[in-house]
Amino acid sequence: MRFALILPFLALPAVADVQTVLEDHILPGYARLAEETIILADAAQANCGPDALRPEFHAAYDAWISISHIQFGPLEDQALTLTMAFWPDPKDRTGKALTRLITASDPIVDQPDMFGDVSAAAQGFTALELMLYDDQADAAYACRLTQAIATGLARKSESLSAAWPVFADQMRTAGADDNTRFQSQMEVQRALYTALSTGLEFLHDQRLGRPLGTFDRPRPRRAEARRSERSLHHIQLQLAALEELAVAMTDVDLTATSAAFDTAKARAEALNDPALVGVADPAHRFKVEVLQQAVRAVQVAVIDEIGTPLGITAGFNALDGD
């Protein structure tokens, strides 16, 4: 699905202060990510066994998915999007990158300052999931690699969390003479709206669209985090996070948007299919398609109740991406 952003010269509507989005959503989201990945890294040093580490892995992954839609700012500046979670990955670059490290017993895993130089596919949550949910022949090296990935995630998350207060000040002072990042409040509102609309697009096209594939060729193995059976959980987390962002970024009445989010969340809750394997079953596939349609309804409501009042119109072909 392709979105085109059109910015007509319209008066800005009444919107909540950017401070609300920063203090209630973005800053605590990245702070939580840093906190949970530090706990994960410490736990990996104490016990790198998959069974022992999985609870901390799930908590940290939850924190990432809940804030990963905020792609602008430090995440973009530090080019960390793919190194936090390399997905979609249709060519299994994650598996190949990890196999190269394991086959060579590459000592870079013992050098935290250098590990960030390995393939992005071998660094993030996607790589750590594979380490924790696929059997590893070399248990000793797998332990060191697991620890390296966890430590790297903590370092990156701490860097993001530390950078956000400075970037937040740039958002608050948009239009000031010494602010070279944001020339106006409209630019800040556009960045927030883009995060919201792009997050919904990613949910519709990737988290749901990739495993759905086509009726004749469903792709259940392309579901995100299928090994750990987190695929549906990610959809639910993202719906909750995007609704939180939508509510925080505007003070207009979001009756239709809230109702659309409620419907989508109810559809997701009713699936009872953690890894989305049901996309290959015609009867169950229909329920996943209905959820995807519910996400599309959220997109339409967001355009009508947030985008248009902001003077940012997101248009799409209703058949594109289905």
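Residues numbered from 1 in each chain as written. Predicted model: local features only at pLDDT ≥ 70, side-chain atom pairs only at ≥ 80, totals over all residues. Heavy atoms only, no water.

(A) Representation of the overall build of the protein in the model. On a plain count of helices and strands, the protein comes out with 12 helices and 2 strands. Scanning the protein from its N terminus toward the C terminus, one meets helices and strands in the order β-α-α-α-α-α-α-α-α-α-α-α-α-β. Dimensions of the protein along its principal axes, counting C-alpha atoms only, are 60 × 55 × 25 Å. Across the 322 residues of the protein, 50% fall into the buried class. Across the protein, every contact between residues at least 6 apart in sequence was considered, and the portion connecting residues at least 24 apart equals 78%. Here the protein has roughly 14300 Å² of accessible surface; of this, 53% comes from carbon and sulfur atoms. (Helix = DSSP H or I, 4+ residues; strand = E, 2+ residues; numbered from the N terminus. Buried < 20%, exposed > 50% of the residue type's maximum accessible area, 1.4 Å probe, protein only. Contact = heavy atoms within 4.5 Å. Areas by Shrake-Rupley, 256 points an atom, 1.4 Å probe, with all protein chains shown as cover.)

(B) Structural detail: the pattern of salt bridges. In the structure shown here, the tally under the stated rule is 12 salt bridges. With a closest N to O distance of 2.9 Å, Glu23 and Arg172 form a salt bridge. Remark: Arg172 occurs in helix H8 (residues 139–172) and Glu23 occurs in helix H1 (residues 18–46); sequence separation between them is 149 residues. The structure contains a network of salt bridges with shared partners spanning Glu23, Asp169 and Arg172. (Salt bridge = Lys/Arg side-chain N within 4 Å of Asp/Glu carboxyl O.)

(C) A positive patch on the surface, seen in detail. Together, Lys91, Arg93, Lys96 and Arg100 line one region of the surface with positive charge. Position of Arg100 among the secondary structure elements: in helix H5 (residues 93–104). Since its relative accessible area comes to 53%, Arg100 is described here as exposed. (Patch = residues over 30% accessible without salt bridge, like charges linked within 9 Å, V, L, I, M, F, W, Y side chains within 5 Å. Lys, Arg positive; Asp, Glu negative; His and termini not counted. Charge placed at Lys NZ, Arg CZ, Asp CG, Glu CD.)

(D) Focus on unusual backbone geometry. Omega for the peptide link from Trp87 to Pro88 comes to 5°, which places this bond in the cis form. With respect to the helices, strands and loops of the structure, Pro88 is situated in the loop between helix H4 (81–84) and H5. In this structure, Ala225 takes a positive phi of about 55° despite not being glycine. Examined against the element boundaries, Ala225 turns out to sit in the loop between helix H9 (185–212) and helix H10 (231–249). The exposure class of Ala225 is buried, given its relative accessible area of 6%. At Asn272, a position not held by glycine, the phi torsion is positive, near 50°. Looking at the secondary structure, you find Asn272 in the loop between helix H11 (255–271) and helix H12 (282–310).

(E) Seen up close, the side chain of Thr94. By the secondary structure assignment, Thr94 is in helix H5. Within the local environment of Thr94, its side chain forms a polar contact with the backbone oxygen of Ala121, the two atoms lying 3.3 Å apart. Once residues lying within four places of it in the same chain are set aside, the contact partners of Thr94 are Phe86, Asp89, Ala121, Thr126, Ala127 and Leu130. (Polar contact = N/O pair within 3.5 Å; in protein donor to acceptor, adjacent residues only side chain to side chain.)

(F) Just the packing of aromatic side chains, in detail. Inspection of the entire model under this criterion finds 9 aromatic pairs. Ring centres 5.9 Å apart and planes at 80° place the aromatic pair Trp87 and Phe202 in the edge-to-face group. Of this pair, Trp87 sits in the loop between H4 and H5 while Phe202 sits in helix H9, and the two are 115 residues apart along the sequence. When the ring centre of Tyr133 is taken as reference, the NZ or CZ atom of Arg54 above it lies at 4.2 Å. (Phe/Tyr/Trp six-rings, centres within 6.5 Å; stacked < 30°, edge-to-face > 60°. Lys NZ or Arg CZ within 6 Å of the ring centre and 35° of its normal.)

(G) Up close: the state of the cysteines. Under the defined criterion, the tally for this structure stands at 1 disulfide. Disulfide pairing is shown between Cys48 and Cys143; the S-S distance is 2.0 Å. Taking the torsion about the sulfur-sulfur bond, which here is approximately -110°, the covalent link between Cys48 and Cys143 counts as left-handed. Of this pair, Cys48 sits in the loop between H1 and helix H2 (50–65) while Cys143 sits in helix H8, placing them 95 residues apart in sequence. Judged by relative accessible area, which is 17%, Cys143 ranks as buried. (Disulfide = S-S within 2.5 Å.)

(H) Geometry of the environment of Gly95. Summarising the element assignment, Gly95 is placed in helix H5. Residue classification places Gly95 among the buried positions, given a relative accessible area of 10%. Measuring from C-alpha to C-alpha, the distance between Gly95 and Leu130 comes to 7.5 Å, with 35 residues separating the pair along the chain.

(I) Molecular detail of H10. If you check H10, its first and last C-alpha atoms are 27 Å apart, about what 19 residues at 1.5 Å a residue would give, namely 27 Å. With 14 of 19 residues buried, H10 lies mostly within the body of the structure. (Expected span 1.5 Å × (residues − 1).)

(J) Fine view of the nonpolar core. Phe72, Phe125, Leu145, Trp164 and Met171 are the most contacted members of the largest nonpolar core, which totals 98 residues. For this core, the element with the most residues is H8, which contributes 13 residues. Look past the residues within four positions of Trp164 in its chain and what remains in contact with it is Leu22, Ile26, Leu27, Tyr30, Ile70, Phe72, Gly73, Pro74 and Met171. (Core = buried A, V, L, I, M, F, W, Y, C linked by side-chain atoms within 4.5 Å.)

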